[in-house]
Amino acid sequence: MRTSLRGAVAMTAAVLAPFLMAVALLPLRTSLTHTNLALLFVVVVVAVSALGKPLAGALAALSAAAWFDFFHTEPYQSFHIHDRADAETAVLLLLVGLAVSQLAARARVLRRVAVSDAEHLERLHATSRLVRSGDCSADELVERIREDLVEVLDLRGCRFVHGSTPAGGPLPRLEPDGSLRVEGWIWDLDRQGWPDGETELWAVAHGHCQGVFMMTPVPGVGPASPEARLVAVDLAGLAALALDGRKDLVQP
């Protein structure tokens, strides 16, 4: 809901903010050069793009160019431009706005990825410390890791089955490299998403499978990032070490 609300706010701002800026600058359109006016519109585009929606930033750029043309180039209150220099300024405003909007949105995505990676790393370290400390029983650690997997991979549910892989036929399995193994298929997890039903994640330590995390994805939700999937594999490995009773081999 928060993402949907943010998207709606971004799209509304993309349409209204350039219009309001154009109206606010009307008293200054004869005292400021068109270049300076265009730069002020770019500031609005950057502000909208900071909301992190590339489409909203692009729409803001289009809106800014349109209202700059309508209110600040002759003939006024018209989308026609008589002066060639004004036409070039409007086109440059559109191109710069589009470029800036994409860069701003990309920067926000990279910041979000960096924050997410830091959270995953801290989660992995915290679990590793618990395994080394022996403050929790193996079953408690498995339960904690099960909950971590739900959050890291954005799953609908996850359960743990002790021992080797359960009977019932081969199921899709998340591999140690973060890829997905599906019997009889070449499966592109990033493109095709999670398959229907449960997916296995084996908890392996010292070559022995101590149990299997049976993961159920949320329908229609894409897979987690490759980095998140590797964290999930490492978490399953920590669960296996705890169950194997070989905590002394876990390195800091």
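For the structure itself, look to the data block above.
Residues numbered from 1 in each chain as written. Predicted model: local features only at pLDDT ≥ 70, side-chain atom pairs only at ≥ 80, totals over all residues. Heavy atoms only, no water.

### Brief notes about the overall build of the protein chain
Thinking step 1. Helix and strand counts for the protein chain stand at seven helices and five strands.
Thinking step 2. The secondary structure elements of the protein chain, listed N-terminal to C-terminal, are α-α-α-α-α-β-β-β-α-β-β-α.
Thinking step 3. At a minimum sequence separation of 6, the contacts of the protein chain that also span at least 24 residues come to 67%.
Thinking step 4. Per element, the accessible surface of the protein chain, about 13800 Å² overall, is 61% carbon and sulfur. (Helix = DSSP H or I, 4+ residues; strand = E, 2+ residues; numbered from the N terminus. Contact = heavy atoms within 4.5 Å. Areas by Shrake-Rupley, 256 points an atom, 1.4 Å probe, with all protein chains shown as cover.)

### Here's the deal with helix α2 (residues 34–49)
Thinking step 1. The end-to-end C-alpha separation of α2 is 23 Å, in line with the 22 Å expected for 16 residues at 1.5 Å each.
Thinking step 2. The set of residues buried in α2 consists of His34, Leu37, Ala38, Phe41, Val42, Val44, Val45, Val48 and Ser49. The buried residues of α2 occupy one face: seen down the axis, they fall within an arc of 160°. For α2, the exposed residues set more than 90 degrees away from the buried face come down to Leu39 and Val43. (Expected span 1.5 Å × (residues − 1). Buried < 20%, exposed > 50% of the residue type's maximum accessible area, 1.4 Å probe, protein only. Arc of directions from axis to C-beta.)

### What about the packing of helix α5 (residues 138–152) against helix α7 (residues 226–244)?
Thinking step 1. Close contact between α5 and α7 brings their axes to 9 Å; oriented N to C, the two are set at 170°. One finds that α5 runs roughly antiparallel with respect to α7. Contacts from Ala138, Asp139, Leu141, Val142, Ile145, Asp148, Leu149 and Val152 of α5 reach α7 at Ala228, Val231, Ala232, Leu235, Ala236, Leu238, Ala239, Ala242 and Leu243.
Thinking step 2. Residue composition of the contact of α5 with α7, grouped by class: 15 nonpolar, no polar and two charged. (Axes fitted to C-alpha atoms, helices over the stretch in contact; angles between N-to-C directions. Parallel < 35°, antiparallel > 145°, perpendicular 65-115°, else oblique. Nonpolar A, V, L, I, M, F, W, Y, C, P; charged D, E, K, R; others polar.)

### Examining the packing of aromatic side chains
Thinking step 1. Counted under the stated rule, the structure contains nine aromatic pairs.
Thinking step 2. Consider the rings of phenylalanine 19 and tryptophan 67, whose centres lie 5.0 Å apart with planes at 65°: the pair is edge-to-face. Remark: tryptophan 67 occurs in helix α3 (residues 54–72) and phenylalanine 19 occurs in helix α1 (residues 2–24); sequence separation between them is 48 residues.
Thinking step 3. Tryptophan 67 gets classed as partly exposed once you look at its relative accessible area, which sits at 24%.
Thinking step 4. Their ring planes at 55° and their centres at 4.6 Å tell us that phenylalanine 160 and phenylalanine 213 sit as a pair that is tilted. Here the residue phenylalanine 160 occupies a position in strand β1 (residues 155–162), and phenylalanine 213 occupies one in strand β5 (residues 208–217), the gap between them amounting to 53 residues. (Phe/Tyr/Trp six-rings, centres within 6.5 Å; stacked < 30°, edge-to-face > 60°.)

### Considerations on the environment of alanine 10
Thinking step 1. On the secondary structure map, alanine 10 appears in helix α1.
Thinking step 2. Placed 41 residues apart in sequence, alanine 10 and leucine 51 show a C-alpha to C-alpha distance of 6.2 Å.

### Description of the nonpolar core
Thinking step 1. Leu149, Leu201, Phe213, Met215 and Leu235 are the most contacted members of the largest nonpolar core, which totals 34 residues.
Thinking step 2. Put simply, the parts of the chain that give this core at least two residues each are α4 (84–133), α5, β1, β4 (199–205), β5 and α7.
Thinking step 3. Among the elements that make up this core, the one with the highest residue count is α7 (11 residues).
Thinking step 4. The contacts of leucine 235, once residues within four sequence positions are left out, are Arg123, Leu124, Thr127, Ile145, Asp148, Leu149 and Val152. (Core = buried A, V, L, I, M, F, W, Y, C linked by side-chain atoms within 4.5 Å.)

### What about the environment of alanine 58?
Thinking step 1. Checked against the element boundaries, alanine 58 lands in helix α3.
Thinking step 2. When its relative accessible area of 18% is taken as the criterion, alanine 58 is described as buried.
Thinking step 3. Residues alanine 58 and alanine 99, 41 residues apart in the sequence, show an inter-C-alpha distance of 8.4 Å.
Thinking step 4. Contact partners of alanine 58, with chain neighbours within four places excluded, come to Leu98, Ser101 and Gln102.

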